[in-house]
Amino acid sequence: MSEFLQHLINMLVLGGTYALLGIGLTLIFGIMNVVNFTHGVLYTFGAYIMFIVVHQLGINFFLALPLAVVAGWLLGAAIELTLLRPLRGSDIDTTMLVMIGAWIAMQSGALWIWGGVAKSVATPFPEAPLVLGPVSVSWLRLFVLAAAAMLIVVTYLLINRTKLGCAMRATFQDQDTASLMGVNVDLIYTSTFAIGSSLAAAAGALLGPVYVIFPQMGDLAAVKAFAIVILGGLGNITGAVIGGFILALAEELGAGYVSSGYRDAMGFLIIIAVLIFKPTGLFARSERVG
Amino acid sequence: MKSGVAILTILAFASVPLWLRDPYLMNALITTGIFIIGAMSLNLLLGFTGQLSLGHIAFFGIGAYVSALTSLGFDVGLPFGFRVVHTPWPPIVGFVLAIVVAGLCGYLVGLLSFRVRGAYFVIVTISFAEVVRLVALNWVELTQGPLALTNIPSITIGLPGLGYLTLRNKLQNYYLVLAVAVVTYVLISRLVHSHFGRAMRGLMENETLAVSVGIDVTKTLTLAAVISAGIAGAAGSLYAHYIRIIDPEVFAFINTVTMVIMVITGGKGSLAGPIVGGMIFGLLPVFLRPIMAPEAQWIAYGGVLIVILFVLPRGIVPSLALRFAKPRSRVETVVAPVAFSERDAKEHA
């Protein structure tokens, strides 16, 4: 039983960052109809920003997170402006292939700049974990969970309570009508991609210190994000949050009770299972664009 | 005229070992040839049905593992006390089994994913490839996991009246790969110009119209996936018996990307496209190796993919064909409008 409780605790920590990844991707996928293969690179990028800020610039650990968010925002906006804006109106396959090209180039760039050796980030948290009865959790992981929860709430408020969020939702529902109502669709696209990218970078910056940082770390993160989006339904933020926690639970239980070697297979199995049994995602109201 | 060009091309490729003695270059040519076969199979799906399989390396890798395991033999325990013991069979049987098993996997993936197409097909194929990679990595009893399958025997072929020939050296493997590539090309070319090929292209260009004239979408796409996967499996088998060692890294996503870059650069939906693109990207590393680090090369390849999509979205071969086509035959060359937006397609449908 205590083992199960421990898995639940780990699930909460992992699920928070997965939810961040998922929200970012589901916004981009849902609003822009772009299969964003650079999402994983942004995750890696966020983790390296963390490393650079803490170890090379010697700035505070807690300041590194907002810096990673800003850097992810800037890089996302740059990708959108240079690669996606000129391709507006071309088919989904072309943009997907361009994003694959960008992913390969950027990931190789990370490998070139920072090398293939995994790096770890020192944290200001005490080594000894917080023990709560039968379970224990490290202070770092608690911080990760709290920060992720805060970012999820901020994003939720941004989408549901601000004018920008209202314009994003309008664009998601009907781009032409939104445009007629005076929404600057180009600006919405750039903002959407930048926000999604900054969330991916935040997830990387949060999970990077928990594990280790290496250039290919984003590959799995990207596919997990896709699994969460498929699970939660396209463009559905609440779905992405729940999807993130479901994936984390599946991974924890899979690693705990089946085999740790197949932990990372869970996301893929979820994708395959959802597409067989409920291709619209678990929480989608409308049908999915094929 | 067209078959003349084809025969000249085959003769040119066949003459290469006569004047090229460098074993490093021969090796590059053989692996390039194997990847070109894989790229041709990818092109069958991407270029003629419009479905992008980003897990294509899974079929290649499955072919490699099936072929290797068939010719090496294995002894594997299964749940409930079952045990499967397999004594080695000749590699040529492995080659055939590789095609069959990879084709079956293509059938499963097609069945699963063609209900939800487009982006979802892409994600299902990636997931499939990753699951297969994790199985190859973790099922150590069968695959040796990261320790790799080693000492895979070379392919032996029986020649009528001449006994048996084991293809050990580069020269023999070069001609084997060339032969399989030619057979693949002819097969895909016949397929594309058949009734089935017209059905595939009809689906890609206007699905509603194609369905209204009685084309069965799922059946057509699934059959295309089976054939494509089978060819990729054959390429994987050739790879296993040529390299003679395989590990789970064969399933690396970068290998799929290599094939995609070959097809897109050469020209998707063009029969010669994967060959041209494959020669460029198969041999480019040979020439770039002394001057660029591998990471820098990959930055360049990613950049090339983007630039090609912006500048020559059709790819090299179709763009050249358009330029040199006589006005009369130009009508035939223009197959489909390229930048057909999703929105347009919906409005036309």
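These numbers come from a predicted model, not from an experiment. (Residues numbered from 1 in each chain as written. Chains lettered and ligands numbered in written order. Predicted model: local features only at pLDDT ≥ 70, side-chain atom pairs only at ≥ 80, totals over all residues.)

Asker: Tell me about the overall build of chain B, and please be specific about residues and values.
Answerer: When helices and strands are counted, chain B shows 16 helices and four strands. Relative to the globule expectation of 20 Å for 349 residues, the C-alpha radius of gyration of chain B, 21 Å, shows essentially globular dimensions. The C-alpha extent of chain B, read off along each of the three principal axes, is 60 × 55 × 50 Å. Within chain B, the fraction of its 349 residues that count as buried is 44%. Taking the intrachain contacts of chain B between residues at least 6 apart in sequence as the baseline, contacts between residues at least 24 apart amount to 76%. (Helix = DSSP H or I, 4+ residues; strand = E, 2+ residues; numbered from the N terminus. Rg over C-alpha atoms; globule rule 2.2 N^0.38 Å. Buried ≥ 20, exposed ≤ 12 C-beta atoms within 10 Å, placed from the backbone. Contact = placed C-beta atoms within 7 Å.)

Asker: Can you lay out the overall build of chain A for me, pointing to particular residues and giving the numbers?
Answerer: A count of helices and strands for chain A gives eleven helices and two strands. From first element to last, N terminus to C terminus, chain A shows the α and β order α-α-α-α-β-β-α-α-α-α-α-α-α. For 290 residues, the compact-globule estimate of 2.2 N^0.38 gives 19 Å, and chain A sits close to it at 19 Å. Here the analysis covers contacts within chain A between residues at least 6 apart in sequence; of these, 76% occur between residues at least 24 apart.

Asker: Which residues make up the packing of helix α3 (residues 61-84) of chain A against helix α8 (residues 185-210) of chain A, and what are the values?
Answerer: Residue and element names in this part refer to chain A. Taken N-terminus to C-terminus, the directions of α3 and α8 make an angle of 140 degrees; their axes are 7 Å apart at the nearest point. Between α3 and α8, the angle is such that the two are oblique. The two elements α3 and α8 cross, and the hand of that crossing is right-handed. Here the residues of the contact of α3 with α8 are counted per class, giving 18 nonpolar, six polar and one charged. (Axes fitted to C-alpha atoms, helices over the stretch in contact; angles between N-to-C directions. Parallel < 35°, antiparallel > 145°, perpendicular 65-115°, else oblique. Left-handed = near helix turned anticlockwise from the far one by under 90°. Nonpolar A, V, L, I, M, F, W, Y, C, P; charged D, E, K, R; others polar.)

Asker: Please set out unusual backbone geometry residue by residue, giving values where relevant.
Answerer: Residues and elements named next belong to chain A. The phi torsion at N33 lies on the positive side, around 55 degrees, for a residue other than glycine. Mapped onto the fold, N33 is located in the loop between α1 (2-32) and α2 (39-56). Judged by C-beta crowding, with 19 C-beta atoms within 10 Å, N33 ranks as partly exposed.

Asker: I'd like to hear about the nonpolar core, residue by residue, with values.
Answerer: Formed by 199 residues in total, the largest nonpolar core has its most connected members in A201, A202 and I271 of chain A. Not counting the four nearest positions on each side in its chain, I271 of chain A is found in contact with F226, A227 and I230 of chain A together with I123, V124 and S127 of chain B. (Core = buried A, V, L, I, M, F, W, Y, C linked by C-beta atoms within 7 Å.)

Asker: Kindly report on the interface of chain A and chain B, identifying the contributing residues and their values.
Answerer: Each side of the interface is counted separately: chain A has 38 residues, and chain B has 39 residues. Taken together, the elements giving at least two residues each to the side of chain A that touches chain B come down to α4 (92-114), α9 (217-232) and α11 (265-277) of chain A. A class-by-class count of the residues in the side of chain A that touches chain B yields 24 nonpolar, ten polar and four charged.

Asker: Please set out the pairing of strand β1 (residues 74-77) of chain B residue by residue, giving values where relevant.
Answerer: Residue and element names in this part refer to chain B. Looking at chain direction, β1 and strand β2 (residues 83-86) are connected through four bridges and run antiparallel. By the bridge assignment, F74 is partnered in β2 with H86. The antiparallel pairing of β1 with β2 creates a hairpin that spans five residues between the two strands, and F80 there sits at a positive phi of about 65 degrees. (Pairing = 2+ DSSP bridges.)

Asker: How would you summarise the environment of L20 of chain A if you had to cite specific residues and measurements?
Answerer: All names here are of chain A. Here L20 is to be found in helix α1. Residue classification places L20 among the buried positions, given that 32 C-beta atoms sit within 10 Å. Between the C-alpha atoms of L20 and A148, which are 128 residues apart in sequence, the distance is 6.8 Å.

Asker: Run through the confidence of the model for chain A, naming residues and quoting values.
Answerer: All names here are of chain A. Per-residue pLDDT for chain A has a mean of 88; in total, 98% of the residues score no lower than 70. Per-element mean pLDDT across chain A ranges from 81 in α11 up to 94 in α3. Across residues 286-290, confidence stays below pLDDT 50; counting only partners more than four residues off in sequence or on other chains, it has seven contacts. (pLDDT = per-residue confidence, 0-100.)

Asker: Kindly report on helix α10 (residues 217-243) of chain B, identifying the contributing residues and their values.
Answerer: Given 3.6 residues per helical turn, the α-helix brings residues three or four places apart onto the same face. For α10 of chain B, which comprises 27 residues, the first-to-last C-alpha distance of 39 Å matches the rise-based estimate of 39 Å (1.5 Å per residue) to within 8%. Of all 27 residues in α10 of chain B, 21 are buried, a share of seventy percent or more. (Expected span 1.5 Å × (residues − 1).)

Asker: Any details on the confidence of the model for chain B? Residues and values, ideally.
Answerer: Per-residue pLDDT for chain B averages 84, and the proportion of residues at 70 or more is 91%. Both confidence scores are given for the complex: pTM 0.85, ipTM 0.86.

Asker: Now, about the packing of α2 of chain A against α4 of chain A: what can you tell me, with residues and values included?
Answerer: All names here are of chain A. Interhelical geometry of α2 versus α4 gives an angle of 25 degrees and a closest axis separation of 10 Å. The angle between α2 and α4 places the two elements in the roughly parallel class. Here α2 and α4 pass one another in a crossing that is left-handed. Counting all contacts with α2, which are made through V41, T44 and Y48, the residues of α4 involved are W103, M106, Q107, A110 and W114.

Asker: Outline the environment of Q216 of chain A, supporting the account with residue identities and numerical values.
Answerer: Inspection of the secondary structure puts Q216 of chain A in the loop between α8 and α9. Considered as a pair, Q216 of chain A and S138 of chain A are 78 residues apart in the sequence and their alpha carbons are 26 Å apart.

Asker: Go over the environment of S270 of chain B with me, naming the residues and quoting the values.
Answerer: Residue and element names in this part refer to chain B. Looking at the secondary structure, you find S270 in the loop between α11 (253-266) and α12 (273-288). Separated by 222 residues in the primary sequence, S270 and F48 place their C-alpha atoms 8.6 Å from one another. Each residue touching S270, except ones within four places of it in the same chain, is listed here: G47, G315, V317 and P318.

Asker: Describe helix α6 (residues 163-173) of chain A, listing the residues and the values that go with them.
Answerer: Residue and element names in this part refer to chain A. Those residues of α6 that fall on the buried side of the exposure criterion are A167, M168 and T171. Projected down its long axis, α6 carries its buried residues within an arc of 100 degrees, all on one side. Those residues of α6 that are buried lie in contact with α1, α5 (139-161), α7 (175-180) and α8. (Arc of directions from axis to C-beta.)

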